[in-house]
Structures are given as structure tokens and as C-alpha cells.
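This is what each chain is made of:
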Amino acid sequence: MALWALLIAGMIVALGLIVQQWAQPSLGPGGIDAYTTAPSPGVLDARPIV
């Protein structure tokens, strides 16, 4: 019985990996535009204070 459980679990993992290779990543409800943000005003470059 344990052998069958391991075999079925392995098949589920393999199918999950196959589907993950073919599927496009989810970009959420906003699409790619949701990832673009406006730069902070007055900030040109981030440099450490020395």
C-alpha cells in the first residue's frame, strides 16, 4: 500500500513539473503594468553615504 502511495505521489509531482514548464507565469489582475512603478521624485541614483 505504501508503495502505491509513493508511486502516485511521484506521478503527481512529475505531472506538476511538466505543467509548470508549459504554463505561463501569472501576472495577476493588473498584468505586466502592475509591476511598473513611478520613480520617487528627486531620486536619481541610490548611493551609500560615505
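Residues numbered from 1 in each chain as written. Predicted model: local features only at pLDDT ≥ 70, side-chain atom pairs only at ≥ 80, totals over all residues. Heavy atoms only, no water.

Q: Got a minute to help me understand the overall build of the chain in this structure?
A: What the chain contains, in helices and strands, is 1 helix and 0 strands. Among the 50 residues that make up the chain, the fraction classed as buried is 2%. By element, 71% of the accessible surface of the chain is carried by carbon and sulfur atoms, the whole surface being about 5200 Å². (Helix = DSSP H or I, 4+ residues; strand = E, 2+ residues; numbered from the N terminus. Buried < 20%, exposed > 50% of the residue type's maximum accessible area, 1.4 Å probe, protein only. Areas by Shrake-Rupley, 256 points an atom, 1.4 Å probe, with all protein chains shown as cover.)

Q: Got a minute to help me understand helix α1 (residues 2-22) in this structure?
A: Under the 1.5 Å per step criterion, the end-to-end length of α1 is 31 Å for 21 residues, consistent within 8% with the ideal 30 Å. By the criterion of burial, α1 is predominantly exposed, with just 0 of the 21 residues buried. (Expected span 1.5 Å × (residues − 1).)

Q: Help me understand a nonpolar patch on the surface, please; the structure alone is not making it clear to me.
A: Together, W4, L7, I8, M11 and I12 make up a nonpolar patch on the protein surface, roughly 570 Å² of accessible area in all. Along the polypeptide, I8 turns up in helix α1. (Patch = residues over 30% accessible without salt bridge, like charges linked within 9 Å, V, L, I, M, F, W, Y side chains within 5 Å. Salt bridge = Lys/Arg side-chain N within 4 Å of Asp/Glu carboxyl O.)

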